[in-house]
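Observations on the model geometry
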Amino acid sequence: MASNVEEAFKNVGVITKPPTVDETPNRLYRLILRKGKEGIVWSELVIKSGIGDSNELRRHLQTLLDADRIVAFRKITGKRGRPPIIIYAKECLTDEELEELERRPDLEPVYVL
């Protein structure tokens, strides 16, 4: 008879492994953090992150957005084509700077990437 749960799993052939954490959101956050108050444009983040799949990049950035670690704005240019998205690490901005970004007429907040 097994004396504990781990031994019971071994007896039935189940191998337990410690849980793993995907470090990609943290790595992306560090890239964004390095840009400071300037923020980073989506296209630059694609290149620097090395993540070729835009859906995967969106998923990781959405995790950071949902965790309230980043903010994102779409730059209204009036030009044809997709407007650039600028991403900021919230810890780089004061409350006043964030409010100023939110008031700018050329920026539109992005809540879903």
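Residues numbered from 1 in each chain as written. Predicted model: local features only at pLDDT ≥ 70, side-chain atom pairs only at ≥ 80, totals over all residues. Heavy atoms only, no water.

Considering the pairing of strand β3 (residues 85-89)
Under the convention used in this document: Under the scheme applied here, a residue whose accessible area is under 20% of the maximum for its type counts as buried, over 50% as exposed, and between as partly exposed, the area being computed with a 1.4 Å probe on protein chains only. Here a strand is any run of E in DSSP of at least two residues, a helix any run of H or I of at least four, and the numbering for each starts at the N terminus. Pairs of strands are assigned from DSSP output, requiring at least two bridges between the strands.
Here β3 lies mainly inside the structure; 5 of its 5 residues are buried. Two elements, strand β1 (residues 40-41) and β3, share 2 bridges in a ladder whose sense is antiparallel. Looking at β3, one finds that Ile-40 is bridged to Ile-87.

Details of the packing of helix α2 (residues 24-34) against helix α3 (residues 42-49)
Defined as follows: A fitted line through C-alpha atoms serves as each axis, taken over the contacting stretch for helices, and the angle formed by two N-to-C directions is quoted from 0 to 180°. Note on angle classes: values under 35 degrees are labelled roughly parallel, values over 145 roughly antiparallel, values of 65 to 115 roughly perpendicular, and the remainder oblique. By convention the crossing between two helices is left-handed if the near helix lies anticlockwise of the far one by an angle smaller than a right angle, and right-handed if it lies clockwise. In this analysis, two residues are considered to be in contact whenever any of their non-hydrogen atoms come within 4.5 Å of each other.
One can describe the packing of α2 onto α3 by two numbers: an axis separation of 11 Å at closest approach and a directional angle of 125 degrees. Accordingly, the angle class assigned to the pair α2 and α3 is oblique. In this structure, α2 meets α3 at a crossing whose hand is right-handed. Packed against α2, whose contacting residues are Arg-27, Leu-28, Leu-31 and Ile-32, the element α3 presents Leu-45, Lys-48 and Ser-49 at the interface.

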